[in-house]
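# Analysis of the macromolecular model
Each chain, letter by letter, is given below.
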Amino acid sequence: MENPNAHIDFLESGPLAPFKKWSAKWSLWPCHFITSCCGVELAHAFACGYDGERLGTLNLGIARQSNFIIIEGTITRKMARALQFVYGQMPDPKFVNVIGACGERGGIFWNSYNITHPSDIVPVDFFIPGCPITPEGLLRGVRALQAKIMGVDKTTIDFKEVELPFEEQLEERLVPTSPKLYAPTPAIKVDIKREVDWDFGKELEDKLKKELIDLYESMTITGVNRIAIKTTPGNLMVVAQKLKEMQFDHVKSVNVIQVPHERKFIVEYMAASYSVEELMPVLVTIFTEIGIKDPKIPSLTSVWESANYSERELHEFFGVLFDGNDWMGRKFLLAPDTPDLPLRKEFKIPEERYAFEEGVEPEFMVPIEPPKDLSVPIWEEFIEKAYDSDEIIVPIGPHHAGSGHLRVTFRVKGDRIVDAIPEPGFVHRSMEKLAENKLYIQNIPLFERLAINDPVNMNLAYVRAVENALGIGVPERAQYLRTTMAELSRIEAFYYDSGIFSLFFGHTTGFMYCMAIREMIIEALMQISGSRSGPSFIVPGGLRRDIPDTVLELIDNMTFALNRRMKKFESIFVYNPVTVARAKGVGVLTKEDAIRCGMVGPFLRASGVNYDVRKIAPYDAYDKVDFEVTTGDDGDCLGRFLGRLAEIKESVKIVKQAVDAVKGIQGQILSDDILGEYKEAASDIKGNFFRVYGNLVLPKGEWTTITEAARGTTLFTLISDGESNVPYRVRVISPCWMNLRGFMEAVKGERYADFWAVYGSFGYFPPEADR
Amino acid sequence: MIDVSGLVSTILNNQVNIPLLYVIYEFLLKIPVIGSIVTFLLSIIPLFDVPIIRLLIGFLLWKPMWVLLIIPGFATLGTMLLILPWLERKLVGRMQWRVGPREIAPRTRGSIQLLADSLRFLCQEVIIHKDAHRLYFLQFPFLYFLPVLLPLLFINAGAVGRPLVPIETPYALQIMVGLISLMPVFIMGVGWSSNNRFAFIGTVREAFMYFAYEIPFIIVILAMIVLFKTSNTVGVVNAQGTYWGIVLNPLAALVFFIAAVMATARLPFEIPEADQELSFGPFIEYSGIAFGLAYVMAYEKMYVLSAIMTMLFLGGGSGPVIPYLGDLSYGIWFVIKTLIILLVMVNLRGVYPRYRLDQALNVGWGAILIFAIVALLWSVVLGVVL
């Protein structure tokens with residue numbers, strides 16, 4: 001790396017130095033280079049409320065026009081290339097601030113196989129810690145940089161040395177060992193029979209047995225609404241076709257589990273139905289076992305298109321060849337230099353340490369070198385095809401004013417998009433691998449980082465999976481409080497998406513209004529948990545602590561303030577004739593296409609499918625509150641957008657009801673089932689947290705839970721061996737990951753400029769999709 | 001041989017009439033030291049029987065020169081370029097519940113923000129990438145000033161009977177339209193020489209937009225020429241003695257305004273530069289001072305178009321006469337009117353999202369064209385028949 005201080009030196013040289021320094025100080029334009037989830041807080045820092053423009057920092061233009069990069073958190077190996085490119089493209093003098101803990105030494109993802117350290121790639125001026133950072137912190141970083149430019153060379157914090165009384169005779173303390181317990185030869189079984197009270201299941205089982213006669217090896221009811229069918233690799237395709245004929249029209253998840261000591265892979269597909277109402281909550285898992293050597297299995301993409309991207313992903317993770325999927329042998333999520341087959345058990349990531357012994361170098365560094373090869377390949381046959389048919393290729397992102405952390409390569413003919421090839425994975429932080437190396441309770445903050453603009457729902461989805469496995473209930477008060485928080489989080493996520501939607505139309509005012517509304521909800525979440533967008537407040541069995549009545553009062557009042565600002569947003573953006581003209585009839589996803597691509601959440605409902613996990617399989621207090629599911633028929637951008645606005649109103653309704661109800665319910669907020677002997681923690685877990693949760697072990701088997709997060713159904717599959725206190729395998733299917741397929745389908749045939757309308761209308765949040 | 005003394009008398013006989021200057025002059029004479037300095041300066045008479053200081057000031061106050069240099073010429077344009085982006089950021093910021101630039105100079109609400117930005121651009125590296133056409137890439141942003149600055153020669157900032165115009169010609173409006181039509185050619189050159197995908201798309205969009213607004217634009221200018229029965233800018237202002245152009249032909253004013261918004265690529269027609277789609281389209285590869293020039297290009301164009309609109313529709317510099325200011329008061333009214341149009345234009349950013357290219361073309365070739373033709377017919381009815 002060249003002299004890291006070169007840019008400051010340049011400013012200080014020559015007779016014009018005072019002018020150069022002064023102008024650089026007040027004109028730090030950050031470039032549009034959003035690298036990870038801290039981008040949400042970046043948006044807040046430059047929206048109303050914090051207004052970074054006060055300092056002269058204006059988010060305008062791309063690399064060539066800016067002189068400042070704010071690296072938002074994690075730099076994955078794929079993004080590292082882009083970072084190097086962007087930094088190279090910027091004119092001197094230029095400055096770099098890194099925000100977020102994961103930009104420093106990896107933060108919560110420190111031992112991930114797919115991240116690098118920004119400081120290895122570009123010279124960094126300031127690190128701003130926090131996960132996620134606050135906008136105040138970000139702006140303070142900008143101020144610190146301004147001071148540095150003016151020649152005030154100091155750290156932002158002045159440490160003072162004090163003399164502390166030191167006791168000589170301390171007893172020697174042992175370095176704590178890792179509390180993790182791994183079973184040496186775990187027994188992995190995904191179809192463990194359970195006696196449940198589920199009449200329709202018995203019926204369905206009989207029906208399935210009749211249909212699939214001779215095609216399956218075993219059929220088990222593994223829980224309410226869960227059936228597991230074991231079959232052979234050869235019969236897999238036929239079983240899938242039969243299931244499809246029975247109206248199991250999409251796949252919710254594809255999963256591969258490696259069992260090294262038995263030298264086998266378990267490949268499972270979770271089929272579900274959007275067409276038949278009583279089948280909606282049911283998940284039918286068909287699974288098969290294949291040998292670990294040269295694993296090959298027929299791809300079910302021809303039957304279920306929604307399995308397509310998941311198969312590509314698992315091919316990269318495990319090396320299982322899905323015969324028939326056209327992306328085999330190529331990279332999809334991972335970078336070219338990411339280690340191969342990272343999710344296999346043989347691939348070990350560094351262990352966490354709880355204390356450092358003397359003389360031992362901390363193993364902080366990511367064990368993998370930063371990327372050297374900068375080439376980002378576009379597939380050759382793709383280019384040839386385009387040149388043959390008089391089209392141009394336009395790659396968008398990840399450094400583009402309107403791309404987010406996603407790269408899409410278009411083939412454009414005239415103004416029409418012929419084909420769009422997505423390249424996700426720029427924020428792939430390898431959560432599934434990390435989760436296998438953490439205690440169950442440690443995974444709560446990890447999975448919350450899926451979508452920090454929808455944190456409570458992500459938190460809830462994981463916790464529900466654990467609760468489901470442990471079979472514990474939640475006290476009524478906690479149920480209502482959890483519902484309140486989840487709905488607040490939903491509103492928050494929808495407003496984030498609406499803000500991005502209006503920004504993609506060039507309407508900055510709409511964006512600012514949305515951020516202002518979000519600011520209020522964040523305030524409520526802050527009052528509850530103390531954190532802006534990473535509360536980690538929901539724990540198995542209830543909540544971390546009780547929410548006082550004053551805060552509930554505040555939330556109640558906030559719903560009224562919300563309504564007023566909502567109307568302002570509607571009058572300036574939603575009813576704007578230009579918005580309607582841009583969004584109406586664009587990016588249409590028909591009901592058939594939506595089902596085929598396995599869309600989830602509001603985007604599925606906008607296409608006319610009445611599917612909402614909150615209604616079909618109610619959890620928490622959703623069966624006790626009154627709300628309606630919004631569906632639309634158009635399936636276009638406007639429909640998707642207005643549908644979510646309508647859902648916000650329903651969410652506000654739920655929040656009001658839940659807050660009203662919870663005032664009348666007193667009692668504990670943590671279930672006795674989980675507390676065991678620590679009854680004193682019933683209203684506040686503080687002080688007993690590790691004792692209660694530290695050694696959770698889930699019963700043997702597979703535990704799949706679906707939860708309705710803001711952007712759709714979130715699926716968590718936990719596989720436990722019944723002995724270890726860490727999960728054997730966690731499979732996360734986040735809503736955006738499922739929506740990616742439909743998103744690409746909706747883009748095809750539209751005009752080039754419509755890509756942003758479609759993008760905004762899907763609320764695609766790359767960190768959530770990439771996991 | 002040039003008749004120098006004749007030229008001198010031409011200059012001195014055609015002076016801007018600002019009574020305030022005489023008041024200042026007499027006041028200066030009364031101050032002890034400065035008064036004697038002024039008297040001394042006035043005593044230096046090398047030739048032509050005129051003090052040299054009088055000759056210098058006289059040259060600046062020579063009407064065509066004063067109009068070109070001060071109002072509405074370069075000085076006003078420069079000031080506008082410095083404060084307009086700041087005003088835009090402040091106003092849009094206020095619409096968005098924000099403050100906008102402030103900390104740089106808190107007392108004056110950050111009014112020198114653009115100074116810092118332009119200084120920074122000036123001191124930054126100018127990158128010419130490998131694929132660019134080096135010569136054109138560098139020269140187009142500078143050449144662009146020609147079609148922008150030349151129309152200033154024909155703008156009449158005066159009122160009825162008191163013209164303030166550098167060059168008076170019967171073909172002034174036609175020449176201005178010709179020059180304005182040249183502007184997109186330079187933007188296309190910029191995009192072409194950048195040799196970048198997004199620049200290419202942006203350039204094509206610019207070309208599409210060019211035709212969509214240019215034809216209605218020319219038709220409304222024609223409508224105003226028919227209405228005023230002259231294309232001389234002095235005659236145009238004189239014809240608005242009783243009623244302003246906007247009252248006589250409001251439709252033409254509307255079309256002119258929309259065409260101006262399209263021509264300057266402001267929202268909702270910010271299509272060639274679409275930040276989120278093309279990241280500044282034609283200007284994507286520009287950095288440093290070259291981008292700084294590209295950044296103010298749009299504002300220059302806006303100023304010229306607003307000035308023409310003030311002249312054609314808002315009666316030029318007509319307005320209540322401010323005592324002691326003489327000709328300057330017309331100039332002030334002219335600038336105020338222009339500024340109002342400019343502020344309306346920049347405020348659109350806070351209100352409208354961006355149209356798609358085909359929708360904007362529909363607007364240009366559909367509604368706006370029809371309105372322009374109706375405006376022309378109305379002008380014919382009003383100006384010729386009645």
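### Here's the deal with the overall build of chain A
Looking only at helices and strands, chain A has 25 helices and 20 strands in total. Computed over the C-alpha atoms, the radius of gyration of chain A is 26 Å, within 12% of the 28 Å expected from 2.2 N^0.38 for a compact globule of 771 residues. Expressed along its principal axes, the backbone C-alpha trace of chain A runs to roughly 90 × 80 × 60 Å. Residue burial in chain A is summarised as follows: out of 771 residues, 56% are buried.

### Quick notes on the interface of chain A and chain B
On the chain B side, the residues contacting the 45 residues of chain A number 46 residues. Every element with two or more residues in the side of chain A that touches chain B is listed here: helix H2 (17-26), helix H13 (476-504), helix H14 (508-529), helix H16 (577-583) and helix H24 (754-762) of chain A. Within the side of chain A that touches chain B, the residues separate by chemical class into 20 nonpolar, 15 polar and ten charged.

### Here's the deal with the pairing of strand S18 (residues 701-709) of chain A
Residues and elements named next belong to chain A. Of all nine residues making up S18, nine are buried, and the element is well covered by its neighbours. Neither face of S18 is open: one carries Gly701, Trp703, Thr705, Thr707 and Ala709, the other Glu702, Thr704, Ile706 and Glu708, and all of them are buried. Strand direction decides the pairing type here: S18 and strand S19 (residues 712-720), joined by nine bridges, are antiparallel. The partner of Gly701 across the bridge, within S19, is Ser720. Hairpin connection between S18 and S19: a loop of two residues separates the two successive antiparallel strands.

### Description of the sheet that holds strand S7 (residues 226-231) of chain A
Residues and elements named next belong to chain A. Spatial ordering of the open sheet is given by S6-S7-S10-S9-S8, a layout of five strands whose pairing is mixed. For this open sheet the edge positions go to strand S6 (216-223) and strand S8 (250-259), each flanked by a neighbour on one side alone. Across the sheet, the mean angle separating the axes of adjacent strands is 20° when strand polarity is ignored. Relative to strand S10 (residues 283-291), S7 runs parallel, the two sharing five bridges. In the sheet register, Lys230 faces S10, and the bridge partner there is Phe287.

### Focus on the domain arrangement of chain A
Parsing chain A into structural domains produces domain 1 (6-149), domain 2 (199-323) and domain 3 (432-770). Centre-to-centre separation of domain 1 of chain A and domain 2 of chain A, based on C-alpha positions: 46 Å.

### Overview of the packing of helix H20 (residues 637-664) of chain A against H24 of chain A
Residue and element names in this part refer to chain A. Where H20 contacts H24, the axes come no closer than 9 Å and their chain directions differ by 25°. As far as their axial angle goes, H24 and H20 are roughly parallel. For the pair H20 and H24, the crossing hand works out as left-handed. Residues Cys637, Arg640 and Phe641 of H20 form the contact with H24, whose own contacting residues are Ala757, Val758, Ser761 and Phe762.

### Observations concerning the confidence of the model for chain A
When pLDDT is averaged along chain A, the result is 83; 94% of the residues meet or exceed 70. The lowest-confidence element of chain A is helix H9 (residues 380-388) of chain A, averaging 76 in pLDDT; the highest-confidence one is strand S20 (residues 729-733) of chain A, averaging 90.

### Quick notes on the nonpolar core
Among soluble globular proteins, nonpolar side chains are generally buried collectively. Val758 of chain A together with Val220, Val255, Ala259 and Met262 of chain B are the most contacted members of the largest nonpolar core, which totals 337 residues. With sequence-adjacent residues up to four places away left out, Val255 of chain B is seen in contact with Pro216, Val220, Ile368, Phe371, Ala372 and Ala375 of chain B. Within the second largest apolar cluster, five residues are counted, among which are Trp26 of chain A together with Ile104, Ala116 and Cys123 of chain B.

### Observations regarding the environment of Tyr25 of chain B
With respect to the element layout, Tyr25 of chain B can be found in helix H2 (residues 19-30). With 13 residues separating them in the primary sequence, Tyr25 of chain B and Val38 of chain B have C-alpha atoms 8.9 Å apart.

### Some thoughts on helix H18 (residues 357-385) of chain B
All names here are of chain B. Relative to the 42 Å expected for 29 residues at 1.5 Å per residue, H18 spans 39 Å between its end C-alpha atoms, a close match to the ideal helical length. At Ile368, H18 is bent by approximately 35°, the largest bend along its length. Looking at the buried side of H18, the elements it contacts are helix H11 (197-228) and helix H14 (250-263).

### Thoughts on the sheet that holds S18 of chain A
All names here are of chain A. If you trace the three strands from one edge of the open sheet to the other, you get S18-S19-S20, paired in antiparallel fashion. Only two strands of the sheet have a single partner each, and these edge strands are S18 and S20. In this sheet, adjacent strand axes meet at a mean angle of 15° when their direction is disregarded. Strand contacts of helix H12 (residues 455-470): S18 and S19, with the helix running at about 150° to S18, the strand carrying the most contacts. Along the sheet, helix H23 (residues 735-747) makes contact with S18, S19 and S20, crossing S19 at roughly 125°.

### Details of unusual backbone geometry
In this structure, the amide linkage connecting Asp92 of chain A to the following residue, Pro93 of chain A, adopts the cis form with an omega of -10°. Its location among the elements puts Pro93 of chain A in the loop between helix H4 (77-89) and strand S3 (95-99). Cis rather than trans, the peptide bond between Cys131 of chain A and Pro132 of chain A has omega equal to -10°. Here Pro132 of chain A lies in the loop between strand S5 (126-128) and helix H5 (135-149). Phi angles above zero are rare outside glycine, and Asp620 of chain A is one such case at about 45°. Mapped onto the secondary structure, Asp620 of chain A falls in the loop between helix H19 (613-616) and H20. With 24 C-beta atoms packed within 10 Å, Asp620 of chain A lands in the buried category. Within the chain, Lys229 of chain B stands out as a residue other than glycine whose phi angle is a positive 55°. With respect to the helices and strands, Lys229 of chain B occurs in the loop between H11 and helix H12 (233-238).

### Concerning the pairing of strand S9 (residues 264-272) of chain A
Residue and element names in this part refer to chain A. Across the nine residues of S9, eight count as buried, placing the element largely inside the fold. By the bridge criterion, nine bridges tie S8 to S9 in an arrangement that is antiparallel. When the bridges of S9 are listed, Ile257 appears paired with Ile266. A loop of four residues connects S8 with S9, the two strands running antiparallel in sequence, and Arg263 in this loop sits at a positive phi of about 50°. With eight bridges joining them, S9 and S10 adopt antiparallel strand pairing.

Reading the values: the criteria
Residues numbered from 1 in each chain as written. Chains lettered and ligands numbered in written order. Predicted model: local features only at pLDDT ≥ 70, side-chain atom pairs only at ≥ 80, totals over all residues. Helix = DSSP H or I, 4+ residues; strand = E, 2+ residues; numbered from the N terminus. Rg over C-alpha atoms; globule rule 2.2 N^0.38 Å. Buried ≥ 20, exposed ≤ 12 C-beta atoms within 10 Å, placed from the backbone. Contact = placed C-beta atoms within 7 Å. Nonpolar A, V, L, I, M, F, W, Y, C, P; charged D, E, K, R; others polar. Pairing = 2+ DSSP bridges. Axes fitted to C-alpha atoms, helices over the stretch in contact; angles between N-to-C directions. Domains from an automatic or database assignment. Parallel < 35°, antiparallel > 145°, perpendicular 65-115°, else oblique. Left-handed = near helix turned anticlockwise from the far one by under 90°. pLDDT = per-residue confidence, 0-100. Core = buried A, V, L, I, M, F, W, Y, C linked by C-beta atoms within 7 Å. Expected span 1.5 Å × (residues − 1). Bend = angle between axes of the 7 residues up to and from the residue.

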